[in-house]
Number of protein chains: 4
Amino acid sequence: MKNMRNRVYEANLLLPEYGLVVGTQGNVSGMDRRRGIIYIKPSGVPYEKMKPADIVGIDVNGNVIEGKLKPSVDWVHHAFIYAHMKDVCGVVHTHSPYATAFAAAGIPVPCLSTGQADVFGGEIPITDYVDNRADGIGREILKHKRNGCPAVILGKHGVFSFDASPEKAVFAALMVEYFAKINLFAILMGQAKGINVEPMTLPEIEKWYKRYHGGGYGQK
Amino acid sequence: MKNMRNRVYEANLLLPEYGLVVGTQGNVSGMDRRRGIIYIKPSGVPYEKMKPADIVGIDVNGNVIEGKLKPSVDWVHHAFIYAHMKDVCGVVHTHSPYATAFAAAGIPVPCLSTGQADVFGGEIPITDYVDNRADGIGREILKHKRNGCPAVILGKHGVFSFDASPEKAVFAALMVEYFAKINLFAILMGQAKGINVEPMTLPEIEKWYKRYHGGGYGQK
Amino acid sequence: MKNMRNRVYEANLLLPEYGLVVGTQGNVSGMDRRRGIIYIKPSGVPYEKMKPADIVGIDVNGNVIEGKLKPSVDWVHHAFIYAHMKDVCGVVHTHSPYATAFAAAGIPVPCLSTGQADVFGGEIPITDYVDNRADGIGREILKHKRNGCPAVILGKHGVFSFDASPEKAVFAALMVEYFAKINLFAILMGQAKGINVEPMTLPEIEKWYKRYHGGGYGQK
Amino acid sequence: MKNMRNRVYEANLLLPEYGLVVGTQGNVSGMDRRRGIIYIKPSGVPYEKMKPADIVGIDVNGNVIEGKLKPSVDWVHHAFIYAHMKDVCGVVHTHSPYATAFAAAGIPVPCLSTGQADVFGGEIPITDYVDNRADGIGREILKHKRNGCPAVILGKHGVFSFDASPEKAVFAALMVEYFAKINLFAILMGQAKGINVEPMTLPEIEKWYKRYHGGGYGQK
C-alpha cells in the first residue's frame, strides 16, 4: 500500500497526462483521515519538475506539517471540502477546457447520454461565480453539489471533483471533461439542425446509475 | 495464428490507443464460432492494468467457461449480436466522443464524403434510446442496422460495431468516430454559412462502396 | 541522397504521424522523372505494417515495374497529375478531418490569415464532386487548381496536394489541414458573434506570399 | 545557469511540443541585455532538425553577431519589441490555431474565467491587421498592448507574447492558446443556447490577477 503522499504525487501527474491542465493550473489533494493530514500540490511548481517530496502535508487550518514548500493557494477550498464531506479523501481542481467552457457560459453539463448517467447520475451542477476570498468557494460547492455526483462546475472558473480517494477524484475530473466535450458538440449540432436536445429523464438515468454503482458492475 | 483470447486482449487495448474510450467505458469481444466461446473484456478493469488472462470466455448465456473474472455487464448485448448475426465474430462498444454527440442529438451520421461511402456504404444509422434491461439493446441494433454497414449509433448512448473479426470491428468503431468528427464540423460550418450540406446520393455512394469492397481494393 | 522509394516510404509514414489519415485511407507518391517511375503506397496495407519494399514502382499507365504488391487504387489520379504538371514530383491524397469538412460542405478554404497567405497565396480551391471513374478526378483537379497553390479540396471527398517533392507535398497537405481547422473555427465564431469574417485582399496576400517564396525566407 | 542561446533553443522546441506551431511557422527569441544580443530561431529551419548552434545571435539592427545562419524574417518585430519594452527578455510569435481563429475573426480573447484573470488580468487585446513592411507590426503591438498582459493577438495573423524571459513568453503563448480554445467554445455554446456570455468585471479580475502576481502565489 502506497502512502498518501506518493498517491497524491502520482494523481497530480495524471492531470497533465490526461490533458486536464496546462502550465501549473490545477491540483490534487488526498487526506489521510486517521492522521488528519491533507497532502496537496505545492504552489506554482510545474508538474514536470515536481518530486514526491515536494507534496505538502497540511492540517485543516493550512499549517504545514510535512514538507518544505508552500501548499497550493487553493488549499483552503480543499480543506473546506474535507471538513464538510466526511466521506471524501480526494479532491481535484482543474480548469479543463471543455468543462471551463460550460463554466464560462454559466450552464451545467446536462445528462445527454448513458455514460454520464453511469458515472454522475444526472447533470453536473454549476455554482454561481464566487471570488477567491475565505471559504466562499467551498461554501458554494457545498450549496450546489448533488448527492451521488462527485463533481461540480464552478461558475466562471473551472471544476472541483471530490471522492473517496485521490484516484477516484481524478477519474471524476476526467469524466467531467469527457462529457463536457460530448455535450458541447451535441448542443452545437442540435442548434445547427434545429433539434431540441433533451436530457435523459430521471427514471432512465437511475437505471444506469444504479447498475454502475449498485454492485452489478466491476469485480467484487 | 494467435488465439481468440489474445486477439480480443489486443483489440481492447486499441480502444484507448485510438482515443475511443477513456476510463473503463467501452469493450471488445470476439467469438470463436467453432468452440462457441465469446471472449470479452472483464467488467470494470482499467485497460492499463488488464492482462491477457483477464479476458473472460463465456457461452452465449453468459456462463463463464474460461477465466476467473466477471465479464463486462454489456456481455448480453454482445451475445445477442453473435446469436443473430452469424457472420459476425467481433463486436465493439464505445462512447467515443464525436459519435456520442450524434447519439445525444439523436441523429444518424450522414454520408457526406467518399471515405464514408467506401467503408460504410451510406449513413451510419441510429437506434431509438433503449434502457439496459434484458436484450432490448440487441433487438434495437438488429432493427436499425443496415446491410453492409458494420456499425450503428445507439440513441443517447454510444456506438456498437460488428464485423467478421474483433480487429475489423475495432476498425469500424474508429471510422465511425472519424466520420462523426468530420460530419459534425461540416454540419456546423454549413449552418454558419447558410449552406444545405447534402448527403451523397445512393448511386454515387455505391460507386465507392463497391470499389472498396468488390475486390479491386487491397492485396488479394 | 536517399532514393525515391525510401523517400516515398518515409513520406507515407508522416501521414498518420501528423494525424492526416486514420486506417488505410490516404497515400503519398513520388516520381523519379529521369527514370519515369512513380513510387506509391500499396493498396490497403496498414501504415504500421508497411515496409520500404512494399512501395510499388509503376509507369504512367499503372504497369508495375518494381515491387510485388498492387498500387493504391488512387494511382490513376497520381499518374494523371504527374502527366499534366511537369514540375510535380510528389503527390499526396488524404481525407484529413477539418479539410474534409470543407469538402463535405462544398466550400473552399478562404484565406483568413497571413500564415495561409505565406504558404498558399490565397484560398485553397475546391473542385466539384467527381466519381472514381477513369481520369475524372485528375481532370477536375487540373481545372480548379490555382497557380502557385500546391493543393485543392476535392468536393465531397478530401485533399490532393502536389509539389516539387513528396516531402513538400506532405507539408502542403499538413498546412491544408492546419488552416482548415483555424478557418472553420473563425467562421463558426464569426457567425456566433454576427461578424462578417472577411478574407485577406489579394494585394495584401501577395506581400506575404512573395516574401515567403521570393528568396527572403529560409537559408540560401 | 544555461546561456541564453541554449535557453532560446530549448524554448523554440517547446512550440511544436505544445502544439503551438506546425511546420516552420513560429519562433522564439531571448535577449541577453547585458551584451545587447538577441538570440532567435534561424529562418525556415524545421524544429526537428534545428541544433543549438543554429540559433542566431543578432544586434538590434539585425546584424549577425553569432552563428552562420540567417535569422527568422520576423527578427525585426522581435528587435522592435526589445527596443521599446525594456523589461522584456523573451519574445514568442506563433500562429497557434485557436488564437489565430480569433485573429481571423478580428476579435480579442475576452476574459471569461478566473484562469485567464490569473495570468492575463483581463482580455487579450487584438491589433488591426498590419502588413510585414518595416516596423509596422512592432508599432501596432506597442499601440494595443495592455499593461500587465504579456501577449497580443495580431489581426488576421497570429500571436505575439513577450515577458521577462523566453520561458515565460512561451508560457504566455501557451496560455493564449488555452484560453482561446476555452473561450471559442464558450462563445459557440452561448450562441447555441441564446445566452449572453459576459466577461468578468474588472474588480473581480483584479482579485485573481493580484493574488497570482502579488507574491501569495508560488514558492518565494
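Reading the values: rules and limits
- Residues numbered from 1 in each chain as written.
- Chains lettered and ligands numbered in written order.
- Predicted model: local features only at pLDDT ≥ 70, side-chain atom pairs only at ≥ 80, totals over all residues.
- Heavy atoms only, no water.
- Pairing = 2+ DSSP bridges.
- Helix = DSSP H or I, 4+ residues; strand = E, 2+ residues; numbered from the N terminus.
- Axes fitted to C-alpha atoms, helices over the stretch in contact; angles between N-to-C directions.
- Contact = heavy atoms within 4.5 Å.
- pLDDT = per-residue confidence, 0-100.
- Least-squares fit on C-alpha atoms with pLDDT ≥ 70 in both.

**A short note on the sheet that holds strand E7 (residues 158-163) of chain B**
In any sheet, the strands associate via hydrogen bonds between backbone groups, in a parallel or an antiparallel arrangement. Residue and element names in this part refer to chain B. Pairing is antiparallel across the open sheet formed by seven strands, whose spatial order is E4-E3-E2-E1-E5-E7-E6. The sheet is open, and its two borders are formed by strand E4 (64-66) and strand E6 (151-154), each paired with just one other strand. Averaged over all pairs of adjacent strands, the angle between strand axes in this sheet comes to 25 degrees, irrespective of strand direction. Against the sheet, helix H1 (residues 4-17) makes contact with strand E1 (27-32), strand E2 (37-40), E4 and strand E5 (90-94), and its axis sits at roughly 160 degrees relative to E1, the strand it touches most.

**Overview of the sheet that holds strand E1 (residues 27-32) of chain A**
Residues and elements named next belong to chain A. Read across the open sheet, the seven strands follow the order E4-E3-E2-E1-E5-E7-E6; overall the sheet is antiparallel. Two strands lie at the open edges of the sheet, namely strand E4 (64-66) and strand E6 (151-154), each paired on one side alone. The sheet shows a mean angle of 25 degrees between the axes of neighbouring strands, taken without regard to direction. Here strand E5 (residues 90-94) runs beside strand E7 (residues 158-163); their pairing, made up of five bridges, is antiparallel. Directly across from Val92, in E7, lies its bridge partner Ser161. Against the sheet, helix H1 (residues 4-17) contacts E1, strand E2 (37-40), E4 and E5, and its axis sits at roughly 160 degrees relative to E1. In the packing of helix H6 (residues 166-193) onto the sheet, the strands contacted are E1, E5, E6 and E7, and the crossing angle to E5 comes to about 35 degrees.

**Describing the confidence of the model for chain A**
Parts of the prediction with low pLDDT should not have their coordinates interpreted in detail. Residues with a pLDDT of 70 or more make up 99% of chain A, whose mean pLDDT is 95. Reported confidences for the modelled complex are a pTM of 0.97 and an ipTM of 0.95.

**Considering the relation of the copies chain A and chain D**
Mapping chain A onto chain D leaves a residual RMSD of 0.0 Å; the transformation is a rotation of 90 degrees accompanied by 0.0 Å of translation along its axis. Between the two chains, the operation in question is that of a four-fold axis. Relative to the rotation axis, the closest C-alpha in chain A is found at Leu188(A), a distance of 5.2 Å. Different-surface contact between copies: only 8% of interface residues of chain A are shared with the interface of chain D.

**Notes on the relation of the copies chain D and chain C**
Least-squares fitting of chain D to chain C yields an RMSD of 0.0 Å, with the transformation described by 0.0 Å of translation along the axis and a rotation of 90 degrees. Taken as a fraction of all interface residues of chain D, those also at the interface in chain C reach only 8%, which identifies the copy contact as different-surface.

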